[in-house]
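# Architecture at a glance
Listed below are the residues making up each chain.
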Amino acid sequence: MAPTCVTFPAKDVHLHVQVGPDGRVRKTEGGLLIDLADCELFGLVQYECSIDHPEIRDSKVRCWPVQRWFRRCQDRKGKFTVETTAWEGTAAASAGNTTTTTTTLAAAGSQSDDQKSKQSNSKSI
Amino acid sequence: MAPFHRLASIFSTLRTRLAAPYKGEWIGDPLRVAIFTAKFICFAHLTVEYSYTVSHGVGPSMLPTFEVIGDCFVVSHRHRFGRDVMVGDIVVYNIPVNNNNSIGVKRVLGMPGDYVLTGTPHSYHSESAANTRKDLMLQVPPGHCWVVGDNITASRDSRIYGPVPLALIRGKVVATVKSPFDFQWMENSFKKVDDDDTIER
């Protein structure tokens, strides 16, 4: 089975992408931190399907689209994909530029509290 | 007769039998039939494990890409062990929590090092749950991938048993065969979006 994985809240993903799988800070071409909002945007559609009338034989099955968003970012080692379905539209995503997201990971806790208050005002996706 | 001579005579009979010209009767020499069978089994094994196979899936987890029953698809085993598999591809893999070698067919949402949602993203269908849920994410560990069925309401996948080892991947679905006359190459549905404004809130 898979090794133990650490989960984190989706709204903090812009902080977690700064650290690679080896636990070190990712290196980029310009020496800047990775800005999720600047990465290429990808979309993938999945579905929620349900039977219209389960009690009727040969009832229609309808599928409702669920849009998932991804960002493909690049560091010196190559490209990696980040799912931003829950992150797009949060305060951090709309702030968008590197200067606001470059607060160090140590300050992530206080920043995320800040975001929480902002996020409650903004609409979620 | 000395044992050596007996052995030599057996070998010479074998050689003459194997080198015997074709006499019109196909089955006749049990030895030839046995060798032919062995060759056939070896060849079939190589084909099934390393080239392409056509198989079919049953279940609602990949609606509407695959029907619940009756759809066949072509699996490329060149992509076994996750070789050249990209996000958005549909893979065929051994389900890690079942020990009877049952096969799953799901879409890959994350390769090693990628970040994915561990839960289910909500649609407007289930908006009431949207405000209370906590969206958690994880980074897919090295050597693993994250698979989720297209019909996210009726799929048992990585959301239940976590990241799937790449070594369990048997191949990638490259085409669907809905009927003998309906052959379609599989298209990767993971597409680049040029305009950021398409994201609707």
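Here the structure is shown first, and the text comes after it.
Residues numbered from 1 in each chain as written. Chains lettered and ligands numbered in written order. Predicted model: local features only at pLDDT ≥ 70, side-chain atom pairs only at ≥ 80, totals over all residues. Heavy atoms only, no water.

### As for the overall build of chain A
For clarity, the threshold we go by: To qualify as a helix, a DSSP run of H or I must reach at least 4 residues; to qualify as a strand, a run of E must reach at least 2; elements of each kind are numbered from the N terminus. Categorising residues by exposure relies on relative accessible area from a 1.4 Å probe, with only protein chains included: less than 20% of the type maximum marks a residue as buried, more than 50% marks it as exposed, and the intermediate range marks it as partly exposed. Only the protein chains shown count as cover for residues, and the accessible areas themselves come from Shrake-Rupley with a 1.4 Å probe.
Helices and strands together make up the secondary structure of chain A, namely four helices and four strands. Put simply, chain A runs from its N terminus to its C terminus through helices and strands in the order β-α-β-β-β-α-α-α. When each of the 125 residues of chain A is scored for burial, the buried share is 43%. By element, 53% of the accessible surface of chain A is carried by carbon and sulfur atoms, the whole surface being about 7,000 Å².

### A word on the interface of chain A and chain B
Rules: A contact between two residues is defined here by any heavy atoms of the two lying within 4.5 Å. Buried area counts how much accessible surface, traced with a 1.4 Å probe, disappears from two parts once they are put together, with both parts' losses summed. When a carboxyl oxygen of Asp or Glu lies within 4 Å of a side-chain nitrogen of Lys or Arg, that pair is called a salt bridge. We define a polar contact as two N or O atoms separated by no more than 3.5 Å, with the added condition that, inside protein, one atom must be a possible hydrogen donor and the other a possible acceptor, whereas residues neighbouring each other in sequence contribute only through side-chain atom pairs.
Taken residue by residue, the interface counts 46 residues in chain A and 47 residues in chain B. For the pair chain A and chain B, the summed buried surface comes to about 4,200 Å²; carbon and sulfur atoms form 64% of the total. In this structure, the connection of chain A to chain B is made through one salt bridge. Between B:K192 and A:E40 there is a salt bridge, with the nearest N and O atoms lying 2.8 Å from each other. Applying the counting criterion to the chain A and chain B interface returns 17 residue pairs in polar contact (both at pLDDT 80 or more).

### What about the environment of B:V148?
As for its placement among the helices and strands, B:V148 is situated in strand β7 (residues 144–148). Residue B:V148 is classed as buried on the basis of its relative accessible area, which comes to 1%. Distance from B:V148 to B:K106, taken between C-alpha atoms, is 5.6 Å for residues 42 residues apart in sequence. Setting aside residues no more than four positions away along its own chain, B:V148 makes contact with A:Q46, A:R68, B:K106, B:R107, B:L109, B:D157 and B:R159.

### Quick word on the pairing of strand β3 (residues 61–75) of chain A
Residues and elements named next belong to chain A. This is how it is decided: Being paired, for any two strands, means DSSP has found at least two bridges between them.
Across 12 bridges, strand β2 (residues 40–51) lies against β3 in antiparallel orientation. In the sheet register, E40 faces β3, and the bridge partner there is R72. As paired strands, β3 and strand β4 (residues 78–83) are joined by six bridges and run antiparallel to one another. Counted as the bridge partner of D75 is G78 from β4.

### Considering the packing of aromatic side chains
So the rule is basically this: Classification of ring pairs rests on two measures: the distance between centres of Phe, Tyr or Trp rings, Trp counted by its six-membered ring, which must be within 6.5 Å, and the angle between planes, read as stacked under 30 degrees, edge-to-face over 60 and tilted in between. The criterion is that NZ of a Lys, or CZ of an Arg, lies within 6 Å of the ring centre and within 35 degrees of the ring normal, and then a charge sits over that ring.
All chains considered together, the criterion is met by six aromatic pairs over all chains. Put simply, the rings of A:F8, A:F80 and B:Y115 touch in pairs and so form one group of aromatic residues. Just above the ring of A:F80 sits the side chain of A:R26; from NZ or CZ to the centre is 3.7 Å. One residue, A:R72, lies across the ring of A:F42, its end atom 5.0 Å from the ring centre.

### Details of the state of the cysteines
Going by this rule: Cysteine sulfur atoms that come within 2.5 Å of each other are treated as a disulfide pair.
Applying the stated criterion across every chain, the model contains two disulfides over all chains. Through a disulfide, A:C39 is tied to A:C73; the S-S separation comes to 2.1 Å. The chirality of the disulfide connecting A:C39 with A:C73 is right-handed, given an S-S dihedral of about 110 degrees. Taken as a pair, A:C39 in the loop between α1 (13–16) and β2 and A:C73 in strand β3 lie far apart in primary sequence, 34 residues in all. Judged by relative accessible area, which is 3%, A:C73 ranks as buried. For A:C49, the disulfide goes to A:C63, at an S-S distance of 2.1 Å. Looking down the S-S bond of the A:C49 and A:C63 bridge, the torsion is 105 degrees, so its handedness is right-handed. A residue pair is termed long-range when its members are at least 10 positions apart, and A:C49 in strand β2 and A:C63 in strand β3 qualify at 14 residues. According to the relative accessible area criterion, A:C49 is buried, its value standing at 12%. For B:C72, which is in no disulfide, the shortest distance to another cysteine sulfur is to A:C63 and amounts to 20 Å. A disulfide-free cysteine, B:C145 has its sulfur positioned 12 Å from the sulfur of A:C5, the nearest such atom. Given a relative accessible area of 1%, B:C145 falls into the buried group.

### Overview of the nonpolar core
Here is the rule we go by: The definition of a nonpolar core used throughout is a set of buried Ala, Val, Leu, Ile, Met, Phe, Trp, Tyr and Cys residues joined through side-chain atoms within 4.5 Å.
Judged by nonpolar contacts, the single largest core of 25 residues is most densely connected at B:Y93 and B:C145. Every element with two or more residues in this core is listed here: β2 and β3 of chain A together with β3 (90–94), β4 (103–110) and β7 of chain B. The element best represented in this core is β7(B), accounting for four residues. Residues contacting B:C145, with those up to four places away along its chain left out, are B:V108, B:G110, B:M111, B:V140, B:S158, B:P163, B:V164, B:L166 and B:I169. Grouped together as the second largest cluster of nonpolar side chains are 18 residues, A:A10, A:A37, A:W87 and A:A93 included.

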